[in-house]
Amino acid sequence: MIDECLAQGVTPASVLLSVGGGGLLCGVAQGLQQNALPLVPILATETEGAASMHAALRAGQPVALEMVQTCASSLGARQVCPQVLTVSNQQTLVPVLAQDDQTLAACRWLLDTHQLLVEPACGAALAPLVCPTPEQAKHVDALPHGPVVVIICGGVGLDAQTLLKIDA
């Protein structure tokens, strides 16, 4: 994805994405490293009910969550991959927690304003921009000025009627 951004003439000043098991995060970090962009911060958002990255960063190693409970089911990894800890040491990683209601609000905003339907996991990446808490706003305000790349994807397992009925 970073290669694609650069090919289109966009050098990200920051990247926002959601985290489940850590694969997307690690791939984006690798893309930034390979393109000599190690200082580009990654704002990595998890939902509170699936915060395996936060648990790993606190413990200094991957730990298995006892339970995963979130509307963002594709973020429901009980444990992040060990590479996430390596990324946290090599890249500016800003871990953010979002609530389920924020992720759903971000999904609905994207549907209403851009006619794009995404799963709640993708709404987590947008939540700090669309409906930030005061803590999230501090993180967003601290990002460097310049192009912000927000990675949003998915929608296969969801239709608009279902999205509008999901209750956080």
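Here the structure is shown first, and the text comes after it.
For the structure given in this document, a descriptive report is provided here. (Residues numbered from 1 in each chain as written. Predicted model: local features only at pLDDT ≥ 70, side-chain atom pairs only at ≥ 80, totals over all residues. Heavy atoms only, no water.)

1. Brief notes about the packing of helix H5 (residues 100-114) against helix H6 (residues 120-130)
Two measures define how a pair of helices packs: the angle their axes make with one another and the distance between the axes. Contact geometry of H5 with H6 gives a least axis separation of 7 Å together with a crossing angle of 90°. Taken together, the axes of H5 and H6 are roughly perpendicular relative to one another. Taken together, the residues of H6 that come into contact with H5 (itself represented by Gln102, Thr103, Leu104, Ala106, Cys107, Trp109 and Leu110) are Pro120, Gly123, Ala124, Leu126, Ala127 and Val130. Its residues assigned to classes, the contact of H5 with H6 comprises 10 nonpolar, 3 polar and no charged. (Axes fitted to C-alpha atoms, helices over the stretch in contact; angles between N-to-C directions. Helix = DSSP H or I, 4+ residues; strand = E, 2+ residues; numbered from the N terminus. Parallel < 35°, antiparallel > 145°, perpendicular 65-115°, else oblique. Contact = heavy atoms within 4.5 Å. Nonpolar A, V, L, I, M, F, W, Y, C, P; charged D, E, K, R; others polar.)

2. Notes on the pairing of strand E1 (residues 14-18)
Buried residues dominate E1, accounting for 5 of its 5 residues. Side chains Ser14, Leu16 and Ser18 project from E1 onto one buried face, and the interleaved Val15 and Leu17 project onto a second face that is buried too. As defined by bridge partners, E1 adjoins strand E4 (residues 148-150) across 3 bridges and the pair is classed as parallel. Bridged to Leu16 within E4 is Val150. Both E1 and strand E2 (residues 42-47) contribute to a ladder of 4 bridges, which runs parallel. Following the sheet pairing, Leu17 is matched in E2 by Ala44. With helix H2 (residues 23-34) bridging E1 and the parallel E2, this β-α-β connection has right-handed handedness. (Buried < 20%, exposed > 50% of the residue type's maximum accessible area, 1.4 Å probe, protein only. Pairing = 2+ DSSP bridges. Right-handed = clockwise from strand over helix to strand, strands pointing away.)

3. Brief notes about the environment of Glu4
With respect to the secondary-structure elements, Glu4 resides in helix H1 (residues 2-7). Judged by relative accessible area, Glu4 falls into the exposed class, the value being 53%. Placed 32 residues apart in sequence, Glu4 and Ala36 show a C-alpha to C-alpha distance of 15 Å.

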